[in-house]
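# Chains, contacts and geometry: an overview
If you want the building blocks of each chain, they are given just below.
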Amino acid sequence: MENILECKGLSKIYKNAIALSSVNLQVAKGRIVGLLGPNGSGKTTLVQLIPRFYDVTEGAVTVDGIDVRDVTMNSLRKNIGMVQQDVYLFWGTVAENIAYGKPDATREEIEEAAKMAGADEFICTLPDGYESYVGERGVKLSGGQKQRISIARVFLKNPPIIILDEATSNVDTRTELKIRDAMLKL
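The text that follows walks through the structure, step by step, so that each part is easy to find.

Rules used in this analysis
Residues numbered from 1 in each chain as written. Predicted model: local features only at pLDDT ≥ 70, side-chain atom pairs only at ≥ 80, totals over all residues. Heavy atoms only, no water. Helix = DSSP H or I, 4+ residues; strand = E, 2+ residues; numbered from the N terminus. Buried < 20%, exposed > 50% of the residue type's maximum accessible area, 1.4 Å probe, protein only. Phe/Tyr/Trp six-rings, centres within 6.5 Å; stacked < 30°, edge-to-face > 60°. Core = buried A, V, L, I, M, F, W, Y, C linked by side-chain atoms within 4.5 Å. Contact = heavy atoms within 4.5 Å. Axes fitted to C-alpha atoms, helices over the stretch in contact; angles between N-to-C directions. Parallel < 35°, antiparallel > 145°, perpendicular 65-115°, else oblique. Left-handed = near helix turned anticlockwise from the far one by under 90°. Nonpolar A, V, L, I, M, F, W, Y, C, P; charged D, E, K, R; others polar. Arc of directions from axis to C-beta. Expected span 1.5 Å × (residues − 1). Pairing = 2+ DSSP bridges.

Further remarks concern unusual backbone geometry. A positive phi is found at arginine 52, a non-glycine position, where the angle reads about 65°. Within the secondary structure, arginine 52 is located in the loop between α1 (43–49) and β3 (58–63). For asparagine 158, which is not a glycine, the phi torsion comes out positive at approximately 50°. The residue asparagine 158 is located in the loop between α6 (143–157) and β6 (161–165) in this model. In this structure asparagine 158 comes out as partly exposed when scored by relative accessible area, which is 45%.

What follows is the structure in structure tokens.
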């Protein structure tokens, strides 16, 4: 996956309600695109069609001219990193949750990704640092802390396509600026 992500005539209907209608979008390699609109306008639906959490009703999502429906889910999702507003963390340590993006990662890589995501500061204050358990769905962490762990996953994975769906909605402005700077470097 090298050059262009494209949405061509995308439409999505949920339970007889139109979520998206005839959306066209083209994103070249190295570009950052922001989608703006009111709640319920289809932004999240659009980004969920790219990794095929749902399939389109009409149109196509392509990467380098290849329809995402023509590649395996594993191949597609291996090349996409996604941070959503509602972060999923599993029962395990902070390090294990970050390494979910790259299971063979070294401890140095995990810590570097956490630093880039602005998570290292709070992780080091936890009772067992990177070996602290986060609880089921990250119940022992704040919303902003969970988001930073999810962002660290993406930094660690370093995929060709990164999708952020309100990924910094629970972090303070200073941390958001750090994350944005790190994203630009990535």
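Anyway, onward from the coordinates.
Let's shift gears to the packing of aromatic side chains. Counted according to the given criterion, the structure contains 3 aromatic pairs. On the basis of an interplanar angle of 55° and a centroid distance of 5.7 Å, the ring pair of phenylalanine 90 and tyrosine 100 is categorised as tilted. Highlighted residues: phenylalanine 90 in the loop between β5 (80–84) and α3 (94–99) and tyrosine 100 in the loop between α3 and α4 (107–116), separated in sequence by 10 residues. Tyrosine 100 gets classed as exposed once you look at its relative accessible area, which sits at 57%.

Membership of the largest hydrophobic core comes to 26 residues, with the highest contact counts inside it found for Val94, Ile98, Ile110, Ile123 and Tyr130. Of all the secondary structure elements, the ones that give two or more residues to this core are α3, α4, α5 (120–123) and α6. Examining the composition of this core, we find that 6 residues originate from one element, α6, more than from any other. With residues up to four places along the chain from it excluded, the contact list for isoleucine 123 reads Val94, Ile98, Ala114, Gly129 and Tyr130. One finds Val47, Val68, Ile80 and Ile161 within the second-largest nonpolar core, a separate group that totals 18 residues.

Further remarks concern the packing of α4 against α6. Packing of α4 against α6 brings their axes to within 8 Å, and their N-to-C directions diverge by 125°. One way to sum up the angle between α4 and α6 is to call them oblique. Every pair of crossing elements has a handedness; the one defined by α4 and α6 is right-handed. Residues Glu109, Ile110, Ala113, Ala114 and Met116 of α4 pack against Ala152, Phe155 and Leu156 of α6. Across the contact of α4 with α6, the residue classes break down as 7 nonpolar, no polar and 1 charged.

Moving on to α4. Residue pairs spaced three or four apart in an α-helix point in one direction, given the helix's 3.6 residues per turn. Listed in full, the buried residues belonging to α4 are Ile110, Ala113 and Ala114. Looking straight down α4, one finds that the buried residues subtend no more than 100° of arc, so they occupy a single side. Within two residues after α4, glycine 118 carries a phi angle of roughly 70°, on the positive side.

The subject of this paragraph is α6. Between its terminal C-alpha atoms α6 stretches 21 Å, which fits the 21 Å expected from 15 residues at 1.5 Å a residue. Of all the residues in α6, the buried ones are Gly144, Gln145, Gln147, Arg148, Ile149, Ser150, Ile151, Ala152, Arg153, Val154, Phe155 and Leu156.

Overall, antiparallel pairing links the 4 strands, which are arranged β2-β1-β3-β4 in an open sheet. At either margin of the open sheet sits one strand with a lone partner, and together these are β2 (17–28) and β4 (66–67).

In this fold, threonine 173 is placed in helix α7 (residues 173–185). Once the C-alpha coordinates of threonine 173 and valine 134 are considered, the two residues, 39 residues apart in sequence, prove to be 24 Å apart.

Function cannot be inferred from these measures alone, as they are strictly geometric.
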